[in-house]
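As a plain string of letters, each chain reads:
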Amino acid sequence: NKLLLIKKLNTMNTNEEIKEMVKQKYSEIALQDQETNASSCCGSGGCSTEVYNIMNDEYSHLDGYNPEADLKLGCGLPTEFAKIKLGDVVVDLGSGAGNDCFVARHETGENGKVIGIDFTEAMIEKARTNAEKLGFNNVEFRLGDIEKLPITANVADVVVSNCVMNLVPDKPKAFSEVYRVLKTGGHFSISDIVLTGELPEKIKNAAEMYAGCVASAIQKEDYLQIIKAAGFKNLVLQKEKPIIIPTDILKDYLNEEEIKTYNANKTSIFSITVYAEKEENCCGPTCC
């Protein structure tokens, strides 16, 4: 199965093929039961022979946290930094099983609303089941593509996303969609993976590394420039941490000499949580 995915990645020519590969991988994770997922190294497990759990931050201290919704697929805690207020409309991009949505729901309260977007049907079904168990009537999950969000313009007070934007092939389009759905004065807090150096080609060409958000990472400055080009202002890096790929993962893609060279270089993979605002576009006697 891993070899098939690697071969598929090597022959992918279109954004749609990339999306289909990512969708397949995350569907597999969603369809596992919690016990299997916890012990399989393909989601929330403790071993590091897959790339999904090497970046994860611990959520259990956050109010609203629900263990059944936490598949350990994130690389930060965007909802902790998102400045969500009571009554806010919050949109979570790549909502998975609902983890960040349920934390956001605690912050926005019963009078607010949370909308989770995911393009994997199995994840949407899992999230809806979790929401029903919790009795949340103001948390909604919609099947959709981040490059064309199924949300009207100027709806959200806050947008969050956790290690998902990186998987979107057309990142400028994705951030323009974030800008579109935010209200004027709204903001986002997004956790993602970026690079400050080059990755070995063998890692870039590995499907597992792509689905795990590592091979798909772009340079940090390019990532931030995309955000600015979308029109966002007051950009702030809320958190930054290095991502260390364990040797037992590297050895699946690199030989011993290549691993030594990789480890000798300065850390090039980082998880960042970035905040930015959609300001009013005004041109008149009192502004501009």
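Residues numbered from 1 in each chain as written. Predicted model: local features only at pLDDT ≥ 70, side-chain atom pairs only at ≥ 80, totals over all residues. Heavy atoms only, no water.

**Student:** How would you sum up the nonpolar core? Please name residues and give values.
**Tutor:** If you look at the biggest cluster of nonpolar residues, it comprises 31 residues, and the most contacted ones within it are Phe188 and Tyr223. Of all the secondary-structure elements, those providing two or more residues to this core are strand 1 (89-93), strand 2 (113-118), strand 4 (156-162), helix 7 (171-181), strand 5 (182-195), helix 10 (220-229) and strand 8 (269-277). Top element by residues in this core is helix 7. It accounts for five residues. Sequence-distant contacts of Tyr223, defined by excluding residues within four places in its chain, comprise Met165, Phe175, Ile190, Asp192, Val194, Ile218, Ile272 and Val274. In this structure, Met21, Ala97, Ala104 and Val139 belong to the second largest nonpolar core, which totals 27 residues. (Core = buried A, V, L, I, M, F, W, Y, C linked by side-chain atoms within 4.5 Å. Buried < 20%, exposed > 50% of the residue type's maximum accessible area, 1.4 Å probe, protein only. Helix = DSSP H or I, 4+ residues; strand = E, 2+ residues; numbered from the N terminus. Contact = heavy atoms within 4.5 Å.)

**Student:** Break down the packing of helix 2 (residues 15-31) against helix 6 (residues 121-134) for me, citing the residues and quoting the values.
**Tutor:** When two helices pack together, you describe them by how their axes are tilted relative to each other and by the distance separating the axes. With their axes 8 Å apart at the nearest point, helix 2 and helix 6 run at an angle of 30° to one another. Between helix 2 and helix 6, the angle falls in the class roughly parallel. Our pair here, helix 2 against helix 6, has a crossing hand that is left-handed. From helix 2, Tyr26, Ser27, Ile29, Ala30 and Leu31 reach across to helix 6, where they touch Ala122, Met123 and Lys126. (Axes fitted to C-alpha atoms, helices over the stretch in contact; angles between N-to-C directions. Parallel < 35°, antiparallel > 145°, perpendicular 65-115°, else oblique. Left-handed = near helix turned anticlockwise from the far one by under 90°.)

**Student:** Tell me what's going on with helix 6, and back it up with residues and numbers.
**Tutor:** Given a rise of 1.5 Å per residue, 14 residues ought to cover 20 Å, and the 20 Å separating the end C-alpha atoms of helix 6 matches this to within 8%. Those residues of helix 6 not exposed but buried are Ala122, Met123, Ile124, Lys126, Ala127, Asn130 and Ala131. Of the surrounding secondary structure, the elements contacted by the buried residues of helix 6 are helix 2, helix 5 (99-108), strand 2 and strand 3 (139-143). Gly135 sits one or two positions beyond helix 6 and adopts a positive phi of about 70°. (Expected span 1.5 Å × (residues − 1).)

**Student:** Explain the environment of Gln225 residue by residue, including any values.
**Tutor:** Its location among the elements puts Gln225 in helix 10. A relative accessible area of 45% means that Gln225 is categorised as partly exposed. When the C-alpha positions of Gln225 and Pro172 are compared, they lie 9.5 Å apart, and in sequence the two are 53 residues distant.

**Student:** How would you explain the side chain of Ser271 if you had to name every residue and give the values?
**Tutor:** The topology assignment puts Ser271 in strand 8. Classification of Ser271 by relative accessible area gives buried; the value is 3%. Within the structure, the side chain of Ser271 is placed 2.4 Å from the backbone oxygen of Cys75, a separation counted as a polar contact. Not counting chain neighbours up to four residues away, the residues in contact with Ser271 comprise Cys75, Asp192, Ile193, Lys239, Glu240, Lys241 and Ile243. (Polar contact = N/O pair within 3.5 Å; in protein donor to acceptor, adjacent residues only side chain to side chain.)

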